[in-house]
Amino acid sequence: MTEHTMKRFESEMTKLRDMILGMGGLVEDSITRCMEALLKQDMAVARKVIEADKAINALEVECDEMTRAMLVRRQPAANDLRFIIATIKIVTDLERMGDLAEGIAEATIKSQDNPLTHLSTLEALGNRVVSQVNRALDALTRSDVQLALEVVQGDKHVDDLYHGVQREVITYMLEDPREISAGILASGIAKNLERIGDHATNIAEMAIYIVKGHDIRHVDHDSAAALLKEKQTAS
């Protein structure tokens, strides 16, 4: 690349990073606000979450178009190529997280007809998922491999809380058939939260891939930590 072309490419990479972080901020806000709407039964906030998904979807399209153009025009290599490949995957995860937050907001609106009365375990799950999302995005922003690995390892706690919610929901529905409609809504909300947690884990894995060039997506958490430690020692 000529010096002029290199500067253009660096400018495009900076813009792409800024877009990803901006999209992440919107998604983070939607997840936080959908839980606020649920716990406070605030339908105005729920509707704002639904409306905000349009902006998230628009950023996904813009990021996709930009990464495709950069791959064709610039033919990046090494670290730059790795970042762009990871970005394509991260954008997909963020878009899905926005959809899932929108789904929770829609379920909150539906719950006006079937009020959710047992929210403490859902709140605990939501708090944990919000923390996972915050930490995954922080790890991505700061290129913090250790924090990203903690997010990956923390997914088991999310799964445990999710299964606890499902057991509780089933218990209430069996004890009182009047709880069935609300229980179905609560079960769906819990599933959305669990899936948001999975996407946060994916982002953390991509943060590790960007920094280390090591794909840990199909490696168990303990093995992933060992592999990263081994690579760090070798380098």
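The structure we're discussing is the one just above.
Small disclaimer: the values here were computed from a predicted structure and weren't measured. (Residues numbered from 1 in each chain as written. Predicted model: local features only at pLDDT ≥ 70, side-chain atom pairs only at ≥ 80, totals over all residues. Heavy atoms only, no water.)

Colleague: I'm lost on the packing of aromatic side chains in this one. Help?
Modeller: For any two aromatic rings, the description comes down to two numbers: the centre-to-centre distance and the angle of the planes. Going through the model one piece at a time under the given rule, you end up with zero aromatic pairs. Positioned over the ring face of Phe83 is Arg17, at 4.7 Å from the centre of the ring. (Phe/Tyr/Trp six-rings, centres within 6.5 Å; stacked < 30°, edge-to-face > 60°. Lys NZ or Arg CZ within 6 Å of the ring centre and 35° of its normal.)

Colleague: Looking at this structure, how should I read helix α6 (residues 180-212)?
Modeller: Given 3.6 residues per turn, any residue in an α-helix points the same way as the ones three and four places further on. The end-to-end C-alpha distance of α6, which contains 33 residues, comes to 48 Å, matching closely the 48 Å that a straight helix rising 1.5 Å per residue would cover. A positive phi of about 70° marks Gly213, the residue just after α6. (Helix = DSSP H or I, 4+ residues; strand = E, 2+ residues; numbered from the N terminus. Expected span 1.5 Å × (residues − 1).)

Colleague: What is the right way to read the packing of helix α4 (residues 120-142) against α6 from this model?
Modeller: How two helices sit against one another is set out by the angle between their axes and by the gap between those axes. Running from N to C, α4 and α6 cross one another at 20°; their axes reach a closest spacing of 9 Å. The angle between α4 and α6 places the two elements in the roughly parallel class. The handedness of the crossing between α4 and α6 comes out as left-handed. Residues Leu122, Leu125, Gly126, Val129, Gln132, Val133, Ala136, Ala139 and Leu140 of α4 pack against Ala186, Ile189, Ala190, Leu193, Ile196, Gly197, Ala200, Thr201, Ile203, Ala204, Ala207 and Ile210 of α6. Broken down by class, the residue content of the contact of α4 with α6 amounts to 17 nonpolar, four polar and no charged. (Axes fitted to C-alpha atoms, helices over the stretch in contact; angles between N-to-C directions. Parallel < 35°, antiparallel > 145°, perpendicular 65-115°, else oblique. Left-handed = near helix turned anticlockwise from the far one by under 90°. Contact = heavy atoms within 4.5 Å. Nonpolar A, V, L, I, M, F, W, Y, C, P; charged D, E, K, R; others polar.)

Colleague: Looking at this structure, I do not really get unusual backbone geometry. What am I missing?
Modeller: When glycine is set aside, most residues are seen to have a negative phi, and most peptide bonds are trans. You will see that Gln41, though not glycine, has its phi angle at about 50°, which is positive. Position of Gln41 among the secondary structure elements: in the loop between α1 (3-40) and α2 (43-74). Given a relative accessible area of 32%, Gln41 falls into the partly exposed group. Unlike most non-glycine residues, Ser143 shows phi in positive territory, near 55°. With respect to the element layout, Ser143 can be found in the loop between α4 and α5 (145-175). (Buried < 20%, exposed > 50% of the residue type's maximum accessible area, 1.4 Å probe, protein only.)

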